[in-house]
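Residues per chain, in single letters:
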Amino acid sequence: MRIIRSGAAPVGIVLALALTGCSMLESSGGGGDAAIDELSIVVPAGPGGGWDQTGRAMQADMQEEGLVGSATVTNVDGAGGTVGLANIATETDPNTLLVMGLVMVGAVETNEAQARIEQTTPIARLTEEQEVIVVPKESDYQTIDDLVGAITENGKEVAITGGSAGGTDHILAGMLLQASGMPSENIASSLNYIAYSGGGESLAALLGNNVDAGISGVSEYAEQVQAGELRALAVSGAERVDALPDTPTLTEAGYDVVLTNWRGVVAPGSIDDAEKEALTSAVTELAESDAWQATLEEKAWDDAFLAGDEFDTYLDGNIAEIKTVLKDIGLVR
């Protein structure tokens, strides 16, 4: 089985967005002749997290590059991003982007959200971060095969920690067991996943030998791996990462899994082709700009830009794959 990579709110919520005077100009050029006069960037989470950092970096860089006349960021927190999604799915202003990603793909399913990503207009994937699977330094598990073999043999006696239930870390655990050949009906009963709200808590559980393994973004665990406090068994991307050059990918280890915690943007479902093209053009020019390339380096974000029909196809496949995994791990009926 090939796993492609990829990150309930009532719909009738009225959200006050700071949108004023938004209009679409006829010009489609970038630089100083912005096609979009005023752009609203909706971040479906509170300040400070990855989505918020992405939205605010877009705001700053698009203004610096003259790709928009001005840009505002509005935080709309709740339910894994599905509160913000409920608004954007019915938004009529064409100059609006919603920051989203793999986490929202999972949250839509686990929260049984009425609003769905399919109701929006996909614009682009922007960044991604690989996951890493680690064990404490004292662990007997030397390879990813050792860990998978222990889960296969002992089931829930093997505890794996990571972020929120149904999030990227949990999804990777399910994909790993899928790719190992474990029957789908056995995955939920075999996987003992202990969810924490943040990487710090899961790290403490690992360092305290309270769990057998952990899964998180590379940035969360790399320092402790480099210090010898954790042993990295595998990373989840298509290629090895610079921070952990000696750690094989899951594919190298024989598991047909490639998963990244990606982030991107979508627009309201009501926009027409010309409005979609204007937004896609502006975001494409952002991705190619010096300002954005500097941001990627500063934030240590991997460039994962994908737009147009390619992103549409990717997103459809990602949603289908993640829904299957969440069913297998018992979070979706």
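Quantities reported herein were computed from a predicted structural model and do not represent experimental measurements.

Rules used in this analysis
Residues numbered from 1 in each chain as written. Predicted model: local features only at pLDDT ≥ 70, side-chain atom pairs only at ≥ 80, totals over all residues. Heavy atoms only, no water. Helix = DSSP H or I, 4+ residues; strand = E, 2+ residues; numbered from the N terminus. Buried < 20%, exposed > 50% of the residue type's maximum accessible area, 1.4 Å probe, protein only. Areas by Shrake-Rupley, 256 points an atom, 1.4 Å probe, with all protein chains shown as cover. Contact = heavy atoms within 4.5 Å. Phe/Tyr/Trp six-rings, centres within 6.5 Å; stacked < 30°, edge-to-face > 60°. Lys NZ or Arg CZ within 6 Å of the ring centre and 35° of its normal. Salt bridge = Lys/Arg side-chain N within 4 Å of Asp/Glu carboxyl O. Arc of directions from axis to C-beta. Expected span 1.5 Å × (residues − 1). Pairing = 2+ DSSP bridges. Axes fitted to C-alpha atoms, helices over the stretch in contact; angles between N-to-C directions. Parallel < 35°, antiparallel > 145°, perpendicular 65-115°, else oblique. Left-handed = near helix turned anticlockwise from the far one by under 90°. Nonpolar A, V, L, I, M, F, W, Y, C, P; charged D, E, K, R; others polar.

### Quick look at the overall build of the chain
In step 1: Scanning the chain from terminus to terminus reveals 11 helices and 10 strands.
In step 2: Expressed as a percentage of the 333 residues in the chain, the buried residues total 55%.
In step 3: Put simply, the chain shows about 13400 Å² of open surface, and 45% of that area lies on carbon and sulfur atoms.

### Notes on the environment of L244
In step 1: Here L244 lies in the loop between β8 (230-235) and β9 (260-267).
In step 2: Spatially, the C-alpha atom of L244 lies 9.6 Å from that of E223, the residues being 21 residues apart in sequence.
In step 3: In contact with L244, other than residues within four places in its own chain, are V132, V218, A222, V225, A232 and V235.

### Some points on the environment of G181
In step 1: Within the fold, G181 resides in the loop between α5 (168-179) and α6 (184-190).
In step 2: Through-space distance from the C-alpha of G181 to that of T152 is 9.8 Å; in sequence the pair is 29 residues apart.

### A word on the packing of aromatic side chains
In step 1: Applying the stated criterion across every chain yields a total of four aromatic pairs.
In step 2: Residues W292 and W301 carry aromatic rings whose centres are separated by 6.2 Å and whose planes lie at 45° to one another, so their mutual orientation is tilted.
In step 3: Exposure remark for W301: the relative accessible area of 13% places this residue in the buried category.
In step 4: Summarising the aromatic geometry, the rings of F311 and Y314 are spaced 6.5 Å apart at their centres and angled 20° between planes, so their arrangement reads as stacked. Of the two residues, F311 and Y314 are both situated in helix α11 (residues 308-328); the distance of three residues between them amounts to about one turn of the helix. Of the two residues, F311 and Y314, neither departs from the other in class, the shared state being buried.
In step 5: Sitting above the plane of the Y314 ring, R125 keeps its charged end 4.5 Å from the centroid.

### Notes on the pattern of salt bridges
In step 1: Counting across every chain of the model gives seven salt bridges.
In step 2: Residue E112 pairs with R333 through a salt bridge whose shortest N-O separation is 2.7 Å. Note that E112 is positioned in the loop between α3 (102-110) and β4 (121-136) and R333 in the segment after α11, a separation of 221 residues in sequence.
In step 3: Since its relative accessible area comes to 47%, E112 is described here as partly exposed.
In step 4: With a closest N to O distance of 2.9 Å, R240 and E252 form a salt bridge. Of this pair, R240 sits in the loop between β8 and β9 while E252 sits in the loop between β8 and β9, placing them 12 residues apart in sequence.
In step 5: Each of E109, R116 and E118 takes part in a single network of salt bridges with overlapping partners.

### Digging into helix α10 (residues 290-299)
In step 1: Taken together, the buried positions of α10 are occupied by A291, W292, T295 and L296. Taken down its axis, α10 places every buried residue within 140° of arc, on the same side. In α10, those exposed residues whose orientation departs by more than 90 degrees from the buried face are D290, E297 and E298.
In step 2: Where the residues of α10 are buried, they touch α1 (50-64), β4, α9 (273-288) and β10 (302-307).
In step 3: Looking one or two residues beyond α10, the residue adopting positive phi is A300, at roughly 60°.

### Concerning the environment of T127
In step 1: Along the polypeptide, T127 turns up in strand β4.
In step 2: Its relative accessible area of 1% is what places T127 among the buried residues.
In step 3: A sequence separation of 176 residues divides T127 from D303, and the C-alpha atoms of the two residues are 4.9 Å apart.
In step 4: In contact with T127, not counting residues within four places along its chain, are N261, W262, R263, W292, L296, W301, D302 and A304.

### A few points about α1
In step 1: Taking 1.5 Å of rise per residue, the 15 residues of α1 would be expected to cover 21 Å, and the 21 Å separating its terminal C-alpha atoms lies within 8% of that figure.
In step 2: Taken residue by residue, α1 has W51, D52, T54, G55, A57, M58, Q59, D61 and M62 as its buried positions.
In step 3: At the exit of α1 stands G66, carrying a positive phi of roughly 70°.

### What to know about the pairing of β8
Regular strands place side chains that alternate from one sheet face to the opposite one.
In step 1: For β8, the buried fraction is high: six of the six residues fall into the buried class.
In step 2: In terms of strand pairing, β4 meets β8 through five bridges, oriented antiparallel. Of the residues in β8, the one forming a bridge with V132 is V235.

### With respect to the packing of α1 against α10
In step 1: α10 packs onto α1 with a crossing angle of 150° between their chain directions and a minimal axis gap of 9 Å. For the element pair α1 / α10, the angle class is roughly antiparallel. For the crossing formed where α1 meets α10, the hand is right-handed. Two secondary-structure elements touch here, α1 through Q53, A57, M58, D61 and E64 and α10 through A291, W292, T295 and K299.
In step 2: Class assignment of the residues belonging to the contact of α1 with α10 gives a composition of four nonpolar, two polar and three charged.

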